[in-house]
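Structure at a glance
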Amino acid sequence: MNVAAVDRAGVRVVTLDNPPVNAISFAYSAALVATLEAAEADTGVHAIVLTGANGLFSGGADINDFTTAPAAGTKTIRDVIATVEKSAKTYVAALEKTALGGGVELALACDYRIAVAGTKFGFPEIKLGLIPGAGGTQRLPRLIGAQDALQMMLKGDNLDAEEARKKGLLDEVVASDAVAAALALIARVRERAPKRRTSARRTELGIAGLALFATPFVVAQAHKMVPPEDRGGFAAHKLVDAVEASIELEFPRGLAREYRLFDELVRSAPSAALRHVFFAERELGKIPGLEPAAPPAISSAGVVGAGTMGTGIAIAFANAGIPSVVIEPNDDQIERAKQMVFGMFAHQVQRGRLTQEEAWERGQSIRFENELGELAQADIVVEAVFENMEAKKAVFAQLDAIAKPAAILASNTSTLDIDALAAMTKRPERVLGLHFFVPANIMKLLEIVRGKDTSAETLATAIALAKTLRKVGVVSANAFGFIGNRMLFDYARAAIGLAEEGVAPERIDRVMKDFGMAMGPFAMFDLSGLDVFWHIEQGNPQVRSRSAIVDRLYREKRFGQKTGAGIYRYEKGSREPIPDPVTIELLREEAAKAGIAPRPDVSDAEIVQRLTGALIAVGEELVRTGVALRPGDIDIVYVYGYGFPPHRGGPMWYASEQLAHA
Ligand code: 3HC
Ligand code: NAI
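Here's a quick rundown of the structure. (Residues numbered from 1 in each chain as written. Chains lettered and ligands numbered in written order. Predicted model: local features only at pLDDT ≥ 70, side-chain atom pairs only at ≥ 80, totals over all residues. Heavy atoms only, no water.)

Helices and strands together make up the secondary structure of the protein, namely 26 helices and 17 strands. Here the C-alpha atoms of the protein give a radius of gyration of 28 Å, agreeing with the 26 Å that 2.2 N^0.38 yields for 662 residues. Its C-alpha atoms give the protein principal-axis dimensions of about 85 × 60 × 50 Å. When the 662 residues of the protein are sorted by exposure, 54% land in the buried category. In the protein, of all internal contacts separated by at least 6 residues, the share reaching a separation of at least 24 is 72%. Working note: accessible area of the protein is about 28,800 Å², and carbon and sulfur atoms make up 55% of it. (Helix = DSSP H or I, 4+ residues; strand = E, 2+ residues; numbered from the N terminus. Rg over C-alpha atoms; globule rule 2.2 N^0.38 Å. Buried < 20%, exposed > 50% of the residue type's maximum accessible area, 1.4 Å probe, protein only. Contact = heavy atoms within 4.5 Å. Areas by Shrake-Rupley, 256 points an atom, 1.4 Å probe, with all protein chains shown as cover.)

Now the structure itself:
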């Protein structure tokens, strides 16, 4: 931790240097305030440039500090910014690569902002269940208008330097050396306009044709557009309130309002849960015994099978700039896969996320072939053929003969034994599971399955590949269902158990959606296919108990959406689940046969408790038996792969919170 201060012709260049991301912790704030006060007191200094070391400006306030309220007298980022605000000297922020949260807030308090092209700006606080809490909600709307500010802070997405300049957040974008540009700017503005405090401006709505008197309507609209308070929208509503304050109140009073709202949020359970998710995600790559050496890079890939998964995986590679060859024996399937690739990229162009050229390039980077022999040059091959052990074993034996010796061979299997596949090769140390989730180009989760012989280098390569693919890679041992699907089985079993006791499936789904799950368990059943569940159950004694109802639905060919009926029924061409009395009758019959008495008194709380309880019990077992490395890994799997509400932190965090408040 260091604050470098160098003078250049009356300008003090202050460099934030707190590796790795120049986070502005309490301790670092004290150092910064002292440096800035010294600059203020130095009559030889007329301007200050703020910049960052370690290749970036700042990742914001230090999130580790949020667990405890600062003791009296502790300096925080708010004090740093207050020092800038009250200074009589010119402040210029010279920004590079990344400015997030408190980092942007510090820049907004400066008189001028200059960034190197490609710098990313963002307010990710909302993803931590927070709002900007060092003046961001008051200064950003004053600078770029309430509408754009709200959008930026509500989404928490990054803005590129050029977009930021167009919106008015930046004064200049330069090709390189923001500090030199800042010094030149200071020389230019020294006489004419040395100070330009953002706080002195008024917030405009920023909506063409709407004057400020329309504020109440705009605010009401914004409240309507974000999720309800109890469904993850708690911080979003406070953000709207804070931006409203920036329109209606003088700066100091607006700032006080923001501080109060932030301070409430930082103490809230949802924010604690989201911060846990943030740190759990950063723990994922830390594998005991695995040295952080740079693994070999993956620059070309092969995929076997152009079905739903194989095609999605190829698109994920293309999005990460990795060309792939996809092997599929069935030409009709190749045509369907090409359509899927084309449709996907065309959609991205339509949404303005890709240019025509980018889409074309990505499409061209995927080549379809019939013969495995085309994979001789790939650095990694991901097998995604049918979920059938014999078929996969045959593919692995052939791949071993074809792929170059250094190539990694991975399987996308959901449930099969990775070691059995590795045993078909002479390179078991280069075999592992890469379990993508559907749709593979969109879902963030990637389970990385470590076989008994998988080498440290292979594992490290897979972890790095996950990052390149912009996925969260969670390492799992090679055990039935790995982490996510193993837990899903007991969760599904608990849901079926409740239904057998007479609780309507649609009620169970509604209660779990109200809890925050992206989907109810039965709607998910119908989407993924009851037949898939049934087949997996058949061959696996690890699944604790089978339900007669699953057998019955399978016999009746009620597989879900694909057959027009499962737990629910579906109108032709629609995915809308419609409660079906036939299912209720089947459930009643099977429950009666099994001697399960109906329980009309099951409460909503019991539904949540039994379903989350099932997840927690298996989760604990997975950690105890070493299948998952840490409870946090399980939370990441459930949040990113199975729609567990992030503001509840994942099943294991939820369990610890329940215990703490019991
Ligand atoms: N506080 C504390 N630690 C942070 C941090 C922060 N704001 N940002 C990153 N880190 C830590 C990470 O935990 C990680 O630590 P580790 O090495 O011990 O695991 C290390 O920095 C590197 O992080 P990444 O692995 O994520 O590195 P990347 O290079 O991939 O990404 C980044 C860098 C883009 C800065 C990314 O870390 C990030 O998005 N950080 C979060 C930024 C954020 O949320 N900022 C807002 C903070 S809240 C705030 O400012 C409130 C204010 O309004 C009052
Ligand atoms: P799919 O049935 O859509 O596609 C499989 C494809 O593989 C077919 O096009 C088939 O022609 C092709 N194929 C079969 N044998 C082949 C061979 N020897 N060489 C080349 N191609 C061959 O199946 P899907 O859904 O894509 O699943 C593939 C794998 O991914 C399975 O192991 C499955 O368990 C796993 N998986 C599936 C998920 C899903 O939700 N669909 C989710 C996660 C994993």
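Here we come to helix H25 (residues 631-641). Burial of H25 is extensive: nine of the 11 residues sit out of reach of the surface. All buried positions along H25 are accounted for by Gly-632, Asp-633, Ile-634, Asp-635, Ile-636, Val-637, Tyr-638, Val-639 and Gly-641. Following H25 by one or two positions, Gly-643 adopts a phi angle in the positive range, close to 70°.

The subject of this paragraph is the site of ligand 2. Surrounding ligand 2, one finds 21 residues, the nearest of these being Met-309, Glu-328, Glu-387, Lys-392 and Asn-412. At 2.6 Å, a side-chain N or O of Lys-392 approaches an oxygen atom of ligand 2. When ligand 2 sits alone it has 830 Å² of accessible area, and the protein chains cover 75% of it. For the shell around ligand 2, the secondary-structure elements that each account for two or more residues are helix H12 (308-319), helix H15 (389-402) and strand S15 (431-436). When the residues that make up the shell around ligand 2 are grouped by side-chain class, the tally is 10 nonpolar, eight polar and three charged. (Near = heavy atom within 4 Å. Polar contact = N/O pair within 3.5 Å; in protein donor to acceptor, adjacent residues only side chain to side chain. Nonpolar A, V, L, I, M, F, W, Y, C, P; charged D, E, K, R; others polar.)

Attention shifts here to helix H13 (residues 331-350). Structural remark: α-helix, 3.6 residues per turn; residues separated by three or four positions point the same way. In this model, H13 (20 residues) spans 28 Å end to end at C-alpha, consistent with the 28 Å of a helix rising 1.5 Å per residue. Among the residues of H13, the N-terminal cap falls to Asn-330, whose side-chain oxygen and the backbone nitrogen of Asp-332 are separated by 2.9 Å. Looking at the residues trailing H13, positive phi occurs at Gly-352, about 80°. (Expected span 1.5 Å × (residues − 1).)

On to the packing of H25 against helix H26 (residues 651-660), then. Contact pair H25 / H26: the axes reach a minimum separation of 6 Å and the direction vectors enclose 120°. If you check the angle between H25 and H26, you find them oblique. For the pair H25 and H26, the contacting residues are Pro-631, Ile-634, Asp-635 and Tyr-638 in the first and Pro-651, Met-652 and Trp-653 in the second. Among the residues making up the contact of H25 with H26, the classes are represented as six nonpolar, no polar and one charged. (Axes fitted to C-alpha atoms, helices over the stretch in contact; angles between N-to-C directions. Parallel < 35°, antiparallel > 145°, perpendicular 65-115°, else oblique.)

All right, on to the sheet that holds strand S8 (residues 159-160) then. As summarised here, the arrangement of the three strands in space is S5-S7-S8, forming an open sheet in which the pairing is mixed. The open sheet is flanked by strand S5 (98-100) and S8, the only strands paired with a single partner. Looking at chain direction, strand S7 (residues 120-122) and S8 are connected through two bridges and run antiparallel. Residue pairing in the sheet places Phe-121 in a bridge with Leu-159 of S8. (Pairing = 2+ DSSP bridges.)

Next up on the list: the packing of aromatic side chains. Enumeration over the complete set of coordinates arrives at 13 aromatic pairs. When the centroid spacing of 5.6 Å and the interplanar angle of 40° are considered together, the rings of Phe-480 and Phe-489 count as tilted. No difference in accessibility class separates Phe-480 from Phe-489, as the two residues are buried. With 6.1 Å between their ring centres and 50° between their planes, Phe-522 and Phe-525 make a pair best called tilted. Of this pair, Phe-522 and Phe-525 are both found in helix H20 (residues 521-528), three residues apart, which corresponds to roughly one turn of the helix. Classification of Phe-522 as buried rests on a relative accessible area of 1%. Of the aromatic side chains, those joined through ring pairs into one cluster are Phe-480, Phe-489, Phe-522, Phe-525 and Phe-533. (Phe/Tyr/Trp six-rings, centres within 6.5 Å; stacked < 30°, edge-to-face > 60°.)

Considering the arrangement of structural elements, one finds Ser-246 in helix H9 (residues 234-248). The residues touching Ser-246, leaving out its near neighbours within four places in the chain, are Thr-137, Gln-138, Pro-141, Arg-142 and Thr-203.

Each pair of packed helices gets described by two things: the angle between the helix axes and the distance between those axes. Between helix H2 (residues 77-86) and helix H3 (residues 102-109), whose axes approach to 9 Å, the crossing angle comes to 15°. Between H2 and H3, the interaxial angle falls into the category roughly parallel. Considering how the two elements wind past one another, H2 and H3 form a crossing that is right-handed. Of H3, the residues touching H2 (which contributes Ile-77, Val-80, Ile-81 and Val-84) are Gly-102, Glu-105, Leu-106 and Ala-109. Taken together, the residues that form the contact of H2 with H3 break down as six nonpolar, one polar and one charged. (Left-handed = near helix turned anticlockwise from the far one by under 90°.)

Core analysis: the biggest nonpolar cluster contains 69 residues, and Leu-50, Leu-95, Leu-106, Phe-121, Leu-140 and Leu-169 have the highest contact counts within it. Per-element tally for this core: the top contributor is H9, with eight residues. With residues up to four places along the chain from it excluded, the contact list for Leu-169 reads Leu-108, Arg-113, Phe-121, Leu-140, Leu-143, Ile-144, Met-152 and Ala-164. Judged by nonpolar contacts, the second largest core, of 63 residues, contains Leu-498, Ala-614, Ala-628 and Ile-636. (Core = buried A, V, L, I, M, F, W, Y, C linked by side-chain atoms within 4.5 Å.)

Further remarks concern the site of ligand 1. In the neighbourhood of ligand 1, 25 residues make up the surrounding shell, with Gly-59, Glu-105, Glu-125, Arg-282 and Lys-286 lying closest. A distance of 2.8 Å separates an oxygen atom of ligand 1 from a polar atom in the backbone of Gly-102. Residue Arg-282 places a side-chain N or O atom 2.7 Å away from an oxygen atom belonging to ligand 1. Burial of ligand 1 by the protein chains amounts to 72% of its free accessible area of 980 Å². Top element by residues in the shell around ligand 1 is helix H11 (residues 269-283). It accounts for three residues.

One pass over the full model with this rule turns up 42 salt bridges. The partner of Arg-510 in a salt bridge is Asp-514, with the nearest N and O atoms 3.5 Å apart. Of this pair, Arg-510 and Asp-514 both sit in helix H19 (residues 505-515), four residues apart, which is roughly one turn of that helix. With a relative accessible area of 43%, Asp-514 lands in the partly exposed category. Note that Asp-580 and Arg-558 form a salt bridge whose closest N and O atoms lie 2.7 Å from each other. Taken together, the residues Asp-580 in the loop between helix H22 (548-555) and helix H23 (581-593) and Arg-558 in the loop between H22 and H23 connect sequence positions 22 residues apart. Here the two residues Asp-580 and Arg-558 agree in accessibility, since each one is buried. (Salt bridge = Lys/Arg side-chain N within 4 Å of Asp/Glu carboxyl O.)

By themselves, these figures tell us nothing about what the structure is for.
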